[in-house]
Amino acid sequence: MHYQRPPRTSVTPKGIQVMRNHLRGRLAVLPALAAASLVLAACGGGDVNEAATEATEEAVAEETVAEEAPEEEAAEDMPEEEAVVADCGDWGVAMHAWVGYTASAQVLSDVARDALGCNIEQIQLEEAGVTYDAMEAGSVDVIVEDWGGGRWQEWVDRGAVQEAGFNGNVGLIGMYVPQWMCEEYPDISDGTKLNEYAELFVTPESGGKGAWYEGPPGYTTIGEKIINAYDLNFQVINTGSEAALIEMFTQAAENQEPGLGYFYEPQNFLAQVELCRVNFPENDWTDTAEASGLTDYPETPLVKLATTELLESGSPFATLVSNFEWTNGDQNAVAAAIEGGATPEEAAADWISANTDTVNMWLEGTGASM
Amino acid sequence: MSTLESLPAWMRKRSTLVFAVLGVWIVLGTVFSGIHTLELSTATNTPVTDWFRELAASIRGSRAESPLFVYFFNPLRGAIEGFIELIRALIAVPASGNIIPVIGWLGVVALVGYIVYASSNWRTSLLSMGLLTACGMLGVWTYTMDTLAMTIGAVLLSLAIALPIGIWAGLNDRVMAFIRPVLDLAQILPTLVYLAPLALVFLIGIAAATIATMIYSIPICVRITAHAIRSLKAGPIEAAESMGSTRGQMLRKVQLPMARRTIILGINQTTLAALSFVVIAALIGAPGLGKPVIEALTIRNVGDGVVAGLAVVFLAVMLDRATTAAVQHSGQLPPEGAALVRRRIGLVIGAIATVIAIYLSRFQLWAAVFPEELVIGEYIANAADAVTEWITSTFYFLTIGLNENFTIHVLNRIEGLLANTPWYITIIAISLLAAIIGGRFVAILSAVLLGAIVLIGLWNDAMVTLTQVLIATAIVMLIGVIMGVLAGRSARIERALKPILDAGQTLPAFVYLVPVLALFGPSRFAAIVCGVFYATPVVVRVVADGVRGVPSDMVEAAVSSGSSTTQVVTKVQLPASKRSLLLGANQGMIFVLAVVVIGGFVGAGGLGYLVIVGQSKPELQGKGLAAGLAIVLLGVVMDRIAQAGARRNEKKPA
């Protein structure tokens, strides 16, 4: 009933997980002999870091063997291709909070690591300006999903950041009401008739008008324009965070209360609390001056951004980033797995192994394949 | 005021005047409601906010070229980042390609334990080690170490700057007079306000976060250090002077040793301030516990936020107890005889054990990475989720009803008066009130600063914020006085309240933002509740202190003359601690302002929302910066009125 939050992700690095399994048996025997093992470790001369590196390499080697065995046909052209792959280098991938983004960025990072041998650092940070600044400063190289049409222009103009094509996902923003309202008031989904229902949405917060719960700060919002254009008797309330919106919708659905708010897909919350979209007349977005008023949110093809440094580096990662493209269904599959309790790494690995054709299309031109 | 003296006595009474102004204001406000309210939609910029936006863009554009950046800001950023990364590499983050930092968890626990033991006693040392281990068991070891590293780094840098300035200001009246206004301003600056400008200059990241933390903690340290030097008794100094000591000798041999206790107390306060700020600084990229705390808000995840918040509290308790114990220890005489031998043996054994622990933590996995088998964070997170869920589902109708009634009958009316009245009437009314409470100077200052907010173009949003601050402060005072009196009168209640107050003061406001949101929905009332949570502990402390400070013979005289408990409280203890009450009100208001601004995250609108939206929407960045400035102006107006009122009260004979 309640919004399922994303699973708690372990902060333990991957190598440690591998090493844990590797060392568990040995450790279980030794706790009583701490001093002795101390001496042993000292004689061995390797500290935990070195041991971990070895363990990871061993485990990776085992995995590779296990994977290659059943696919003998593919194995014949593998060696020569791998020999051609250029040195990838060190790159930073921006990580944003929403789960759909996590899915895309994790798959991209893991393909880059496993197929191209890139050293990818994933950097958690706020979207938009913050990330563009980081790209300009050189600490982040890739945004795999950006919703804001052109808000990056200033950074592009200065030369450090470039658009790197669409990622294949299509975002749909809209105004929503809980499903029960659409059932009780069938024409409420027609935005132009919203005024008839404005009274239902009045709260102490909205100053006698209907409350129009607007999207969080970083998101593309045009609520004020829509209200003006249709002369709606509604008052924009800036919710300030996605948590606030989800809270509003959850309570509205559970307690059969009215509520009109901003939401978007792809988003997992829509699978848990049924919402109903309020549609406004579509608008011709070719004429941007016209579009500023009478409109609904358009479908947004989501954009990849990359640093000029990466795109001009000749690194195979640049090719991978430019080629990366998948559908809403793909992203939702990985996002759902993450929500179901898998770590992002596990979810990405499952999708990658089930979709090698797609992945290999991304890898075209790099000389590598999965 | 001289003009008032010509008036008859009843008109000179201040409360009468206050009510008269309020009455006229309400009448005018009702008649002219909705006219000239200067309401502005969020997406609209004003000339001033446009100017800020262009300024921000030009700063961004010149980061790579302007000499100021190339030769000053960028190297400074690099140096600070390098320094903090050094500490992080030691205890928090592995170097590239490695899996553990230089010292693993067991080593850190042992090292902290040893440092605390060496500077105080074994009991505090055990407590510190226990609390650190508890952070590991919460499953947030790496985050905790990041926060600890950031705090240590920021404190060291702060002390390097603040101690010399504080000592100088303690010795030199002119220096003190010069920096006092800066210290005053720093104290009322809401934390959220200077994050954005710093991020603009230093980029999001460790450097900006560290500098922001320093701006917050340096004034505290300067103030206490200067106070420590100033409040020394004249006797020993004069004696040293008469013996012909140079100024340097006197400082080193007499003044600093004598002021040592207070200075260490200052370090204690600086450390706690830095810790609480490092958590907030996650908004501009500080690594550590602030990250899960803020993520808990953005993706609505109470459990993980509570777990991280608990770790912040543990860390705060540890740092507080360790530094407090060090203060006490430094005041004690050195041990003698058997005690000295025992202490020395303890130090040697401790040193050996620490070295072994550090060694183990580098070579043994169980000592390097906190064992997952011991982590119980998830259970606590789930329990916190369940409790929140239960409270929400059980009390939702009650709390929503409370919210609605309060909003309609109190909040909307007061906001209507402040924000929905023509702006010039509100400014005149506030200035008149300032004149009555604080005098002519404060009245002029209020009018000028409020006028500046009008010029910036954010008047209406400022009044929305002011409404929330005033209401929250009133509630805080009500609760704070009741609890403060109880705690001031009974040592038992005080002891029972202490852990709650401690936790309340260190728990980051973001942690309870989400549960409050669940209970009250996205609303201004939610922000007010958060402000009340945050500011009440301070007010309780100050009031309890005041009540305890009332001379006991006054209380006894009242009791023996047959006064009831209520009479003793209302007729003796509260009037006698009036100064503490006013101080508490002022402190409470400043604390409330800091949090009500964060209320922008839960639908409270106002200036706080503009600051937040300015961080994430480039086209509104100028508006966000301007909103930050407006918050500062608002804070100065409120602080000056309250301070001036308190001063005048003192001057008047009781």
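These numbers come from a predicted model, not from an experiment. (Residues numbered from 1 in each chain as written. Chains lettered and ligands numbered in written order. Predicted model: local features only at pLDDT ≥ 70, side-chain atom pairs only at ≥ 80, totals over all residues. Heavy atoms only, no water.)

1. Observations concerning the overall build of chain B
At step 1: Looking only at helices and strands, chain B has 29 helices and 0 strands in total.
At step 2: When the 654 residues of chain B are sorted by exposure, 53% land in the buried category.
At step 3: Sequence separation of 24 or more characterises 81% of the internal contacts of chain B that already satisfy a separation of 6 or more.
At step 4: Carbon and sulfur atoms provide 68% of the accessible area of chain B, an area that totals close to 28,600 Å². (Helix = DSSP H or I, 4+ residues; strand = E, 2+ residues; numbered from the N terminus. Buried < 20%, exposed > 50% of the residue type's maximum accessible area, 1.4 Å probe, protein only. Contact = heavy atoms within 4.5 Å. Areas by Shrake-Rupley, 256 points an atom, 1.4 Å probe, with all protein chains shown as cover.)

2. Some words on the packing of helix 18 (residues 377–419) of chain B against helix 21 (residues 459–489) of chain B
All names here are of chain B.
At step 1: Look at helix 18 against helix 21: their axes get within 9 Å of each other, and the N-to-C directions meet at 130°. One way to sum up the angle between helix 18 and helix 21 is to call them oblique. For the pair helix 18 and helix 21, the sense of crossing is right-handed. Contacts from Phe406, Val410, Leu411, Ile414, Glu415, Leu418 and Ala419 of helix 18 reach helix 21 at Trp459, Asn460, Met463, Val464, Leu466, Thr467, Leu470, Ile471 and Ile475.
At step 2: For the contact of helix 18 with helix 21, the class distribution of residues is 13 nonpolar, 2 polar and 1 charged. (Axes fitted to C-alpha atoms, helices over the stretch in contact; angles between N-to-C directions. Parallel < 35°, antiparallel > 145°, perpendicular 65-115°, else oblique. Left-handed = near helix turned anticlockwise from the far one by under 90°. Nonpolar A, V, L, I, M, F, W, Y, C, P; charged D, E, K, R; others polar.)

3. Notes on the packing of aromatic side chains
At step 1: Applying the stated criterion across every chain, the model contains 34 aromatic pairs over all chains.
At step 2: Between Trp326 of chain A and Trp351 of chain A, the ring centres sit 5.0 Å apart and the planes meet at 90°, which makes this aromatic pair edge-to-face. Taken as a pair, Trp326 of chain A in the loop between helix 15 (316–323) and helix 16 (328–339) and Trp351 of chain A in helix 17 (residues 344–354) lie far apart in primary sequence, 25 residues in all. Considered together, Trp326 of chain A and Trp351 of chain A belong to a single accessibility category, that of buried residues.
At step 3: For the pair Phe406 of chain B and Phe525 of chain B, a centre-to-centre distance of 5.0 Å together with 50° between the ring planes defines the contact as tilted. Taken together, the positions of Phe406 of chain B in helix 18 and Phe525 of chain B in helix 24 (residues 524–548) put the pair 119 residues apart, joining distant regions of the chain. The burial state of Phe406 of chain B is the same as that of Phe525 of chain B; both residues are buried.
At step 4: Here the guanidinium or amino end of Arg123 of chain B rests over the ring plane of Trp122 of chain B, the centre of that ring lying 5.5 Å away.
At step 5: Its guanidinium or amino end placed over the ring of Tyr117 of chain B, Arg343 of chain B lies 4.9 Å from that ring's centre, counting from NZ or CZ. (Phe/Tyr/Trp six-rings, centres within 6.5 Å; stacked < 30°, edge-to-face > 60°. Lys NZ or Arg CZ within 6 Å of the ring centre and 35° of its normal.)

4. Some remarks on the nonpolar core
At step 1: Judged by nonpolar contacts, the single largest core of 166 residues is most densely connected at Leu132, Leu450, Met463 and Phe510 of chain B.
At step 2: For this core, the element with the most residues is helix 29 (residues 621–651) of chain B, which contributes 13 residues.
At step 3: The next biggest cluster of nonpolar side chains, apart from the first, holds 96 residues, and it includes Ala164, Tyr219, Ile227 and Leu310 of chain A. (Core = buried A, V, L, I, M, F, W, Y, C linked by side-chain atoms within 4.5 Å.)

5. Observations regarding helix 9 (residues 173–188) of chain B
At 3.6 residues per turn, the α-helix brings residues three or four places apart onto the same side.
All names here are of chain B.
At step 1: Compared with an ideal rise of 1.5 Å per residue, which puts 16 residues at 22 Å, helix 9 spans 23 Å between its outermost C-alpha atoms and is within 8% of the ideal.
At step 2: Largest kink in helix 9: about 35°, centred on Ile179, with the proline Pro181 one to four residues after it.
At step 3: Turning to helix 9, its buried residues are Val175, Met176, Ile179, Leu183 and Ile188.
At step 4: Capping of helix 9 at its N-terminal end is provided by Asn172; its side-chain oxygen lies 2.8 Å from the backbone amide nitrogen of Arg174. (Expected span 1.5 Å × (residues − 1). Bend = angle between axes of the 7 residues up to and from the residue. Polar contact = N/O pair within 3.5 Å; in protein donor to acceptor, adjacent residues only side chain to side chain.)

6. Describing the environment of Asn45 of chain B
All names here are of chain B.
At step 1: Relative to the assigned elements, Asn45 resides in the loop between helix 3 (14–31) and helix 4 (47–62).
At step 2: Take Asn45: its relative accessible area is 22%, and that puts it in the partly exposed class.
At step 3: Placed 575 residues apart in sequence, Asn45 and Leu620 show a C-alpha to C-alpha distance of 7.5 Å.
At step 4: Not counting residues within four places of it along the chain, the set of residues in contact with Asn45 comprises Asp50, Arg53, Glu619, Leu620 and Lys623.
At step 5: Among the polar contacts made by the side chain of Asn45, one reaches the side chain of Thr49 at a distance of 2.9 Å.
At step 6: Reaching out from Asn45, the side chain makes a polar contact with the backbone oxygen of Glu619 at a distance of 3.3 Å.

7. What about the environment of Ile358 of chain B?
Residues and elements named next belong to chain B.
At step 1: Here Ile358 shows up in helix 16 (residues 337–363).
At step 2: Placed 252 residues apart in sequence, Ile358 and Leu106 show a C-alpha to C-alpha distance of 6.7 Å.
At step 3: If we skip the residues at most four places from it in the chain, Ile358 touches Ile103, Gly107 and Leu111.

8. Points about the side chain of Asp146 of chain B
At step 1: Along the chain, the position of Asp146 of chain B falls in helix 8 (residues 141–171).
At step 2: With residues up to four places along the chain from it excluded, the contact list for Asp146 of chain B reads Arg88, Ala92, Val93, Pro287 and Gly288 of chain B.

9. Section: the state of the cysteines
Residues and elements named next belong to chain A.
At step 1: On inspection of all chains with the given rule, the structure shows 2 disulfides over all chains.
At step 2: With a sulfur-sulfur separation of 2.0 Å, Cys88 is cross-linked through a disulfide to Cys118. Given an S-S torsion of about 90°, the disulfide between Cys88 and Cys118 has right-handed geometry. Here Cys88 is found in the loop between helix 5 (78–84) and strand 1 (90–95), whereas its partner Cys118 is found in the loop between helix 6 (99–116) and strand 2 (119–124), with 30 residues between them in sequence. Taken as a pair, Cys88 and Cys118 share a single burial class, namely buried. (Disulfide = S-S within 2.5 Å.)

10. As for the side chain of Thr307 of chain A
At step 1: The residue Thr307 of chain A is located in strand 9 (residues 299–307) in this model.
At step 2: The residues touching Thr307 of chain A, leaving out its near neighbours within four places in the chain, are Met135, Val140, Asp141, Ala160 and Val161 of chain A.

11. Some remarks on the confidence of the model for chain B
At step 1: Looking at chain B as a whole, its pLDDT mean stands at 87, while 96% of the residues score no less than 70.
At step 2: Per-element confidence in chain B ranges from a low mean pLDDT of 50 for helix 1 (residues 2–5) of chain B to a high of 96 for helix 20 (residues 440–456) of chain B. (pLDDT = per-residue confidence, 0-100.)

12. Looking at the pattern of salt bridges
At step 1: Tallied over the entire structure, the rule returns 18 salt bridges over all chains.
At step 2: Ionic pairing is found between Glu136 of chain A and Arg158 of chain A, a salt bridge with its closest N-O pair at 2.7 Å. One end of the pair, Glu136 of chain A, is in helix 7 (residues 129–137); the other, Arg158 of chain A, is in helix 8 (residues 153–158), with 22 residues separating them in the sequence.
At step 3: Judged by its relative accessible area of 30%, Arg158 of chain A is partly exposed.
At step 4: Between Arg548 of chain B and Glu494 of chain B there is a salt bridge, with the nearest N and O atoms lying 3.3 Å from each other. With Arg548 of chain B in helix 24 and Glu494 of chain B in helix 22 (residues 491–506), this residue pair connects regions lying 54 residues apart in the sequence.
At step 5: Connected through salt bridges with shared partners, the residues Glu136, Glu154 and Arg158 of chain A together with Arg60 of chain B form a single ionic network. (Salt bridge = Lys/Arg side-chain N within 4 Å of Asp/Glu carboxyl O.)

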